[in-house]
Structures are given as structure tokens and as C-alpha cells.
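Descriptive structure summary
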Amino acid sequence: MMFLRSHLRDGGHVPASVQPYFFLSYAHTPRFGAGGPDPDMWVERLFRDLSSHVMALTDLPAGSDAGFMDREIRSGEGWSERLGAALATCRVFVPLFSPRYFASQMCGKEWFAFATRTIRHGAVNNEPAEAIVPALWVPVPPSQLPGPAERLQFNHNTFGDRYVTDGLYGLIKLRGYAEQYERAVYELAKRIVRVAESVRLDVSRPLDYRVVPSAFGTPGGSAKSLQVTVAAGSRFDQPEGRSTEYYGDSAVDWNPYHPVAQRPVAYVAEDLVRNLNYRTTMASFDDEAGHFDSKQPPARPEILIIDRWALADEHRRQRLAAFDQDPRPWVSVVVPWNRYDHQSRAQETELVRQLEETMPVTMSRARIACRAAANGVANLETLGQILPQVVEAAAQQYLRHAQVYPPARRAHTERPRLHGPMGTDGPPAPPPPRAPFPPDAGHGTDALTHTDRGDTDDSQS
């Protein structure tokens, strides 16, 4: 693993024999008492059986890691680095669905890290990367699935009817279902191999799991809403001399990371935000004439993606300046910046100056929330790393400024008291004091804690 981490850090090629073929992600089950049986022993058996089938179905050399599971490392030293290295290189992610799984922040972090790799692959290759192969450990009602899991296109029925109704845990625990268990595990192994051979994800830099967000959002919470707005031009209205290869028919088609990326940045950002268990809408800044009204409470948090070249259009520049004059802290700013765009590099000083002079308040606030997002996001990998911080800043400010609807104030009623042998010792207690009226909306939330992560080197793009 040390060899693997050093290759990732240095940007070198990681041999296939070093990469885990699949990553088994599961929620640890607590013991019922000291010295009692370990409930995770059944997951270990599943892992061994899956690894054995994968080795038999592939040409992996002897001694290579067919799979990876974090059974022993969460309480040891370096667990974050080892998890990061495995998820940055594994070929298939296998989450074991259960109600406990989706309540686990750690499992949500693992999902987020791997899904970010698939989103980047889809952006570069302009095709989806379906490299998540879920397995039912315990059946989960569809209503309990967070957005990222609900959107998976996966048919569990091919693994057998008893698997669908009882999950792998039921099959492995009950002796009468041994044949159904063997069939389900073998079918799961075949699916893992088929996906691994059809989708070749690039390795990425390992993430620090102490700061990685969960793809499941707040435990027990439903998906929230967020808008992605793009302030950019189209290929029809670029200033004289500006290449149109980065633009499409509308603002949302702007692709600043061309030619490395094949998908527009707004769609990539939308996928990343949805990976945080948000519902999203997308719009062009030009089409939102009546949307930016700071005198009205916000309907949702928002991400504003700005092309510095967009300010060459005088009408758009004036609208951005007007936007800056009224505070809208629930709108977080992201400024993509491709250093391999020679025209942008040649005009960088002037483009930066014009944006800062047009939107000084907005850019200052954006730099406090996330300096890397305001100063220029160099590539897709950096975008995936900083966007959770940008989304969190917008969400926190939305909670501070959104209109709230406190419950209607009810007339005071005296707390009921017991009578008889259990309630007659001494005089009755006095009624409780009247509860204070709820405070005004928007004044009860602590200020944001801001972090400056800085810019990330773009040598991996």
C-alpha cells in the first residue's frame, strides 16, 4: 500500500496487479456485549466468497488483491490514507445495502469518493461510468434510499427471488438457503467482473476522509434543492477574436476544460451536487432576469458559475454589477479557469481585473468561503474537491436567510398531574413557565467556519 500511495502522489502509473478489483463497502454492526460473537463475520465470509469467484473468473495473478474491505483499519493508524488509496484505484465499488448502511456517515463518505471518480470519467469521455454494483445485505424500502442510490439503474431480480426478499444476510444465516446464497454471490461476482472489464476508471488522488462529505446527506434527512446557474455566453456572442470551441448554443453548454473534458461544466457540477443528495435545477444567468431579487427570501441555495469572458458583453456585465450591489450570500461563486486555454492565459490579468471591479462584494465573500473556487478552478479533479465546500457555504447561508414558518402559538395548558397513591405526596407542582416566542428567522444560526484550501495543481488533467 505504501508503494501504491507513492505512485499516486508522484502521478505515476499504478500497475493493475496493485489495484483492488473491487471495494466492498458496508456498515459495521456493533456487538451486543463484550466477548460476544462478531456480527461482521458474515460480511467477511461474503468477502472471501466474492474474492474467490473474482479470481476464478479473471486472469488476476496469484497474490493480487481481488477485493478490499476496511474490516481492520478504522481504529488503526493510517486508516484514512489506506481507505483513500483503495478508493482512488479500485475498479468497482460494491455497497452492501441495509438501513444501517444509509445511516452511516462513513459509508456515505466512501460512496462520495468513488462516485466522484465516475463523474470525472463521464465528463472526460462523455459517457456514463456505471461502476457501482450494489448488493442487498438487508432489503431496504425504496422510500429509505437516498438520491445517489435511488438513481442507480440496477435489477436485483436477476440474483434470485429469495435474494430480493431476504438479502444476502438472510441467505447466509439460514441453512436452508445455501443454494440460493451460492447463486446470488456467483451472479454478483460475474456482474463485478463484467463492469470492471467494460469501464476503466482513471486513478485519482486519494481524498482525506476526515473532511470528505457524505453522499447521503444528513442521516434521516430528505434530499434538498439547489440551483446551478451559469453566467457565460454562447458561441454566437463571443467577443472578437475569442475562440468558440469552448461554447455551445447556450450558456449551460460552456465547456471551459475543453478538450480534456467532453461535457459542459454545468452538467458536471450538477452531477457532483446530486452526489451530495441534492435535487438540482439548472439555468442561465441571462435567462434569470427576475430571479435575483435580494428583497425576497431565497427559494434554495445556489451555485453561480462565472466565465470571466462573459463580462465582455456590456449588458451582462451591468447585470452582474447590479447583482453585486444587493447581498445574496446564499449564492456561492465558482470560477472555472483552464490554464491550457492560451487566449485566457494571455488575457488573464485583464479578465481578473474586470471581474473583481464588477463584482467586488461577491468575489470577496466567495474568497472567504473557498479561495480556490473564487481564484480559478484549474481542472475537473479540483472542481470535485472544492465543490462540497462551496455547496455547504451556500446551504448554510440559505438557512440563515430563508423564510421560516414557526408553528402557530398555542394557548397554555397546564401539564397533567397524577392523582391517587402515586401522585398525592405533597402539594401539586406549579404550572411550568410560559415558553418564549420563537426568535426572528435568520438570527439563530452561527456564522460559517471558512476554510482556505488553496488551488490544486492541475498536472493530472
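This write-up is about the structure you can find in this document. (Residues numbered from 1 in each chain as written. Predicted model: local features only at pLDDT ≥ 70, side-chain atom pairs only at ≥ 80, totals over all residues. Heavy atoms only, no water.)

Bringing the overall build of the protein into the picture now. A count of helices and strands for the protein gives 15 helices and eight strands. For the protein, the residues scored as buried account for 48% of the 461 residues in total. Look at the contacts in the protein between residues 6 or more apart in sequence, and 77% of them connect residues 24 or more apart. Here the protein displays about 23400 Å² of accessible surface, and carbon together with sulfur accounts for 51% of that area. (Helix = DSSP H or I, 4+ residues; strand = E, 2+ residues; numbered from the N terminus. Buried < 20%, exposed > 50% of the residue type's maximum accessible area, 1.4 Å probe, protein only. Contact = heavy atoms within 4.5 Å. Areas by Shrake-Rupley, 256 points an atom, 1.4 Å probe, with all protein chains shown as cover.)

This next bit is on helix α10 (residues 314-325). The terminal C-alpha atoms of α10, which comprises twelve residues, lie 17 Å apart, in line with the 16 Å expected from a rise of 1.5 Å per residue. By the burial criterion, the buried members of α10 are Arg 316, Arg 319, Leu 320, Ala 321, Phe 323 and Asp 324. For α10, the elements touching its buried residues are β5 (224-231), β7 (302-306), β8 (331-334), α12 (348-358) and α13 (360-369). A side-chain oxygen of the first residue of α10 lies 3.3 Å from the backbone nitrogen of His 315; this N-cap is Asp 313. (Expected span 1.5 Å × (residues − 1). Polar contact = N/O pair within 3.5 Å; in protein donor to acceptor, adjacent residues only side chain to side chain.)

This next bit is on the nonpolar core. One finds Phe 22 and Trp 111 to be the most contacted residues of the largest nonpolar core, which totals 103 residues. Residues within four places of Trp 111 in sequence aside, it is in contact with Phe 93, Pro 95, Phe 97, Tyr 101, Phe 102, Ile 132, Pro 148, Ala 149, Leu 152, Ala 215, Phe 216 and Asn 275. Judged by nonpolar contacts, the second largest core, of 16 residues, contains Ile 306, Trp 330, Met 363 and Ala 366. (Core = buried A, V, L, I, M, F, W, Y, C linked by side-chain atoms within 4.5 Å.)

A word on the sheet that holds strand β4 (residues 135-136). On the basis of which strands lie adjacent, the open sheet formed by four strands has the order β2-β1-β3-β4 and parallel pairing. Each of the sheet's edge strands pairs with one partner strand only, and the pair in question is β2 (67-69) and β4. Both strand β1 (residues 22-25) and β2 contribute to a ladder of three bridges, which runs parallel. Each residue of the ladder has a partner; that of Phe 23, found in β2, is Phe 68. Across the face of the sheet, helix α2 (residues 41-57) comes into contact with β1, β2 and β3 (92-97) while running at roughly 165° to β1. Relative to β3, helix α5 (residues 105-125) is tilted by about 150°, and along the sheet it contacts β1 and β3. (Pairing = 2+ DSSP bridges. Axes fitted to C-alpha atoms, helices over the stretch in contact; angles between N-to-C directions.)

Tallied over the full model, the rule gives 16 salt bridges. Linking Arg 162 and Asp 166 is a salt bridge whose minimum nitrogen-to-oxygen distance equals 3.2 Å. Of the two residues, Arg 162 and Asp 166 both sit in helix α7 (residues 161-173), four residues apart, roughly one turn of that helix. In this structure Asp 166 comes out as partly exposed when scored by relative accessible area, which is 25%. For the salt bridge of Asp 271 with Arg 263, the shortest nitrogen-to-oxygen distance reads 2.6 Å. Residue class for Asp 271 comes out partly exposed when judged on its relative accessible area of 22%. A cluster of three or more residues bridged by salt bridges with shared partners is formed by Arg 91, Glu 197 and Arg 200. (Salt bridge = Lys/Arg side-chain N within 4 Å of Asp/Glu carboxyl O.)

A two-sided burial pattern is seen for β8, the buried positions comprising Val 331 and Val 333 on one face and Ser 332 and Val 334 on the other. Here β7 runs beside β8; their pairing, made up of four bridges, is parallel. When the bridges of β8 are listed, Ile 305 appears paired with Val 334. Crossover handedness for the path β7 to α10 to β8: right-handed. (Right-handed = clockwise from strand over helix to strand, strands pointing away.)

So, on to the packing of α2 against α7. Where α2 contacts α7, the axes come no closer than 11 Å and their chain directions differ by 95°. Accordingly, the angle class assigned to the pair α2 and α7 is roughly perpendicular. Between α2 and α7, the contacting residues are Trp 42, Arg 45 and Leu 46 on the first element and Leu 168, Tyr 169, Ile 172 and Lys 173 on the second. Tallied by class, the residues present in the contact of α2 with α7 amount to five nonpolar, no polar and two charged. (Parallel < 35°, antiparallel > 145°, perpendicular 65-115°, else oblique. Nonpolar A, V, L, I, M, F, W, Y, C, P; charged D, E, K, R; others polar.)

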